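In case you want the letters, here they are:
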Number of protein chains: 2
Amino acid sequence: MGGRRATRPTIVDVARKAGVSKSLVSLVMRNASNVSEASRRAVLEAAEELGYRPNAMARSLVQQRSFVIGVMVSDLSNPFFIDVIQGATDTAREAGYRALVNTGGRDKHNEEDAIETLLRLQVDGLVLAGSIVDSKFIERVGAEVPTVITNRHSRSQVIDSIVIHDWKGAAMAVDHLVGLGHRKIAHITGGRGAGAQNRLNGYRQAMKRHGLEGEIRVVPGAYTEKGGADGVARLVDEGAGFTAILAPNDLAALGVLEALSARGFRVPEDVSVVGYDDTFLASLGHIDMTSVRQDARQMGSQAVEMLIERADGKRSSTNHIVLEPTLTVRSSTAPPPFGD
Amino acid sequence: MGGRRATRPTIVDVARKAGVSKSLVSLVMRNASNVSEASRRAVLEAAEELGYRPNAMARSLVQQRSFVIGVMVSDLSNPFFIDVIQGATDTAREAGYRALVNTGGRDKHNEEDAIETLLRLQVDGLVLAGSIVDSKFIERVGAEVPTVITNRHSRSQVIDSIVIHDWKGAAMAVDHLVGLGHRKIAHITGGRGAGAQNRLNGYRQAMKRHGLEGEIRVVPGAYTEKGGADGVARLVDEGAGFTAILAPNDLAALGVLEALSARGFRVPEDVSVVGYDDTFLASLGHIDMTSVRQDARQMGSQAVEMLIERADGKRSSTNHIVLEPTLTVRSSTAPPPFGD
DNA sequence: GATTTCTGTTGGAACGTTCCAACAAGTGCG
DNA sequence: CGCACTTGTTGGAACGTTCCAACAGAAATC
């Protein structure tokens, strides 16, 4: 049962069967123009019968191009990156490339390993989505193959980058809350997560701009549910009041919601909450949370476009792109309680 | 800026630089045993200096093995499959293989295309996670390369399969609810989704087994938030009472929760809700939902193990594995309201 | 009718590896 | 000392494709 798998037929087998040269088979498979109808049919028929499938490795070996774009994504469990992948995949497909995903699981060593694997497979371009590996490593990689890094600020001369303006996103959230009448707006940070530092700065600046310098409240957190919950615990322990919380991302915001309700705070009546990333989590009916929207799909898509430009030799200068965030307002934000 | 990328150094360049033959370089790179310390060092040094990186394509071409396992996942936005990928990736890595992910986005044509791409890359094995392509197509694929299909029942003589006992999972949920005292247990189905039919059958059988044949209530739904919400609307419209709902998966269950709360039902005081898959969604503190647990990671892991067994020629019989679900009880289920 | 151009086809070199049979230089043993 | 064995190294063939210069035959041009 199952049986031995026959070795796969090669171009030579097809040629023999169709009674032509292997070169002609090659031409037919790439549907070149100067092939007679008769030969074309004979070849296709033979190929079909044998179940022939071109060997992409042999092909890239001689062509020196694989038409594969590697996507190394640090953290698959973050819905944000899933969207990046989808954008990259679709755009690659439209351009005649394929996107292959490898994951590092937020472990530096595994990430390097994943990148190494993709490089050995001779990918034509590399998207590093939220990678945590050293700049030095990335720089070396970029010298070998067109590379775009996302969600991480870069000044490299070699690597293209594409980020969403974290600073501005945080500021927009603050503006929204201030517009609703809030003054006591606290921020739980994303720790050493990608973009967290800029979001923090954006928060600070915006508070100052609104003359709320004295109300700045920052507690350390992380890009996880627990990070958000811990942040709330800290805020409450410290005693000073707050009427709104800016979380570092959506997952953390969920932790915030949970921790608040456990402590008897109602959202948004007592406290307003703003998430970040606007992943599907924020849009779940049961949650329906205001969140800073980052267009992850667009990000993946544009990253691939940049790579293909480079691969085709259409560009040799380095691009650092900054996308604009927007704010998706939902029902987790409202004016502060009376008297605050 | 950016500059022209030099062509990559090959094994011959390293050999020349180190003053040895390319064969010896090859041996060093695969760290073979019979190499003198002196040569080894010379080679490694030269390789380092040139930034040499073995070309995996050339290697697989001659070895007739790529040590790559392809994972075609139909729907990246389902957290369940993300876990399957993680399991597959980790297990592959431990066994000296790499897992590369390609996605079809729930589109039949794109899925076939994704599979084709992986095949042309000469993967040593293929995991089809929740694929919706024709059995006929899959059967042909399986004749070429070791293949495991997950979450889809198969009787194939060629393709291995690995599923979780959907029938039993649904029955466990019913048992749990009956144990709490429920009788009016409704089921919202997953439509044509993978495993949905079996879950439905499991529900029916379990109801009968408990002598609740007359209480069977089934409404059509889908594996989406909307599917769950629509199901609730239907149940309410139809008028007959219910004290518990078995959703077809977690996402749908979230829709159920939302629709219930919009209609003024409290969970679990008025209605108990059970989800399916036990993804991270169910465990979110804010949601904390009882759900039928399917060990997705284990599934991905075992799929890869089966592939490697085949690739190593250690097995030629076909395996159809059925994993056991368990029930994770959380706070969305409780005894029915008094009097029901 | 000779030359040029076009059309369709071809065999061999190349891509960057691994495999393999063969070898030179030691090392051990009777 | 002669022989067998071991250790370390080697060049060439092979993997399955594409590229390229070259070709034969037909069609077009003078």
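Look a little higher up for the structure.
Quick look at the structure, then.

About the thresholds
- Residues numbered from 1 in each chain as written.
- Chains lettered and ligands numbered in written order.
- Predicted model: local features only at pLDDT ≥ 70, side-chain atom pairs only at ≥ 80, totals over all residues.
- Helix = DSSP H or I, 4+ residues; strand = E, 2+ residues; numbered from the N terminus.
- Rg over C-alpha atoms; globule rule 2.2 N^0.38 Å.
- Buried ≥ 20, exposed ≤ 12 C-beta atoms within 10 Å, placed from the backbone.
- Contact = placed C-beta atoms within 7 Å.
- Least-squares fit on C-alpha atoms with pLDDT ≥ 70 in both.
- Near = placed C-beta within 6 Å.
- Nonpolar A, V, L, I, M, F, W, Y, C, P; charged D, E, K, R; others polar.
- Core = buried A, V, L, I, M, F, W, Y, C linked by C-beta atoms within 7 Å.
- Pairing = 2+ DSSP bridges.
- Axes fitted to C-alpha atoms, helices over the stretch in contact; angles between N-to-C directions.
- Expected span 1.5 Å × (residues − 1).

1. Remarks on the overall build of chain A
Alright, step 1. Regarding its fold elements, chain A presents 13 helices and 12 strands.
Alright, step 2. Taking 20 Å as the expected radius of gyration for a compact globule of 340 residues, we find that chain A reaches 26 Å, considerably beyond that expectation.
Alright, step 3. For chain A, the C-alpha atoms occupy an extent of roughly 90 × 50 × 35 Å along the three principal directions.
Alright, step 4. Counting every position in chain A, which comprises 340 residues, the buried fraction comes to 50%.
Alright, step 5. Long-range contacts, defined here as pairs at least 24 residues apart, represent 71% of the contacts in chain A between residues at least 6 apart.

2. Regarding the relation of the copies chain B and chain A
Alright, step 1. It takes a turn of 180° to lay chain B on chain A, together with a shift of 0.2 Å along the axis; the resulting RMSD is 0.3 Å. The symmetry that links the two subunits is that of a two-fold axis.

3. Digging into the protein's contact with DNA strand C
Alright, step 1. Around DNA strand C, the surrounding shell holds 25 residues, and the nearest of these are Ser23 of chain A together with Ile11, Ser26, Asn55 and Ala58 of chain B.
Alright, step 2. In terms of residues, the surface near DNA strand C owes the most to one element, helix H4 (residues 56-63) of chain B, which gives 5 residues.
Alright, step 3. A class-by-class count of the residues in the surface near DNA strand C yields 12 nonpolar, 10 polar and 3 charged.

4. Some points on the nonpolar core
In a soluble, globular protein the nonpolar side chains are often hidden away together inside.
Alright, step 1. Counting 93 residues, the largest nonpolar core has Ile69, Val71 and Val127 of chain A together with Ile69, Val71 and Val127 of chain B as its most contacted members.
Alright, step 2. With 8 residues, the top contributor of residues to this core is helix H13 (residues 296-311) of chain B.
Alright, step 3. Those residues in contact with Val127 of chain B that sit more than four places away from it in its chain are Ile69, Val71, Ala88, Val148, Thr150, Ala303, Val304 and Leu307 of chain B.
Alright, step 4. Of all hydrophobic cores here, the second largest spans 87 residues; its members include Ala222, Val232, Ile245 and Ala253 of chain B.

5. Brief notes about the sheet that holds strand E10 (residues 290-293) of chain A
The pairing of strands in a sheet happens through backbone hydrogen bonds and is either parallel or antiparallel.
All names here are of chain A.
Alright, step 1. Taking strand neighbours across the sheet as the criterion, the 6 strands line up as E7-E6-E8-E9-E10-E12 in an open arrangement whose pairing is mixed. Strand pairing shows two members of the sheet lacking a second neighbour, strand E7 (217-219) and strand E12 (326-328), which therefore form its edges. Along the sheet, successive strands turn relative to each other by an average axial angle of 25°, direction set aside.
Alright, step 2. Across the sheet, helix H9 (residues 196-209) lies against strand E6 (185-188), E7, strand E8 (244-246) and strand E9 (272-277), angled at about 165° from E6, the strand it touches most.

6. Here we look at unusual backbone geometry
Alright, step 1. Residue Pro268 of chain A is reached from Val267 of chain A by a cis peptide bond, and omega for that bond is 5°.
Alright, step 2. Position of Pro268 of chain A relative to the elements: it lies in the loop between helix H11 (250-262) and E9.
Alright, step 3. Backbone geometry places Arg106 of chain A, a non-glycine residue, at a positive phi of 60°.
Alright, step 4. With respect to the secondary-structure elements, Arg106 of chain A resides in the loop between strand E2 (98-103) and helix H6 (108-120).
Alright, step 5. Residue Gln64 of chain B is not a glycine yet carries a positive backbone phi of 60°.

7. With respect to H13 of chain B
Given 3.6 residues to a turn, an α-helix orients residues that are three or four positions apart in the same direction.
Residues and elements named next belong to chain B.
Alright, step 1. The terminal C-alpha atoms of H13 lie 23 Å apart, and with 16 residues this matches the ideal 22 Å at 1.5 Å per residue to within 8%.
Alright, step 2. Of all 16 residues that make up H13, 12 are buried, and the element is covered over most of its length.
Alright, step 3. Turning to H13, its buried residues are Ala296, Met299, Gly300, Ser301, Gln302, Ala303, Val304, Met306, Leu307, Ile308, Arg310 and Ala311.
Alright, step 4. In this structure, the buried residues of H13 make contact with strand E1 (68-73), helix H5 (79-94), strand E3 (125-129), strand E4 (147-150), strand E5 (160-164) and strand E11 (320-323).

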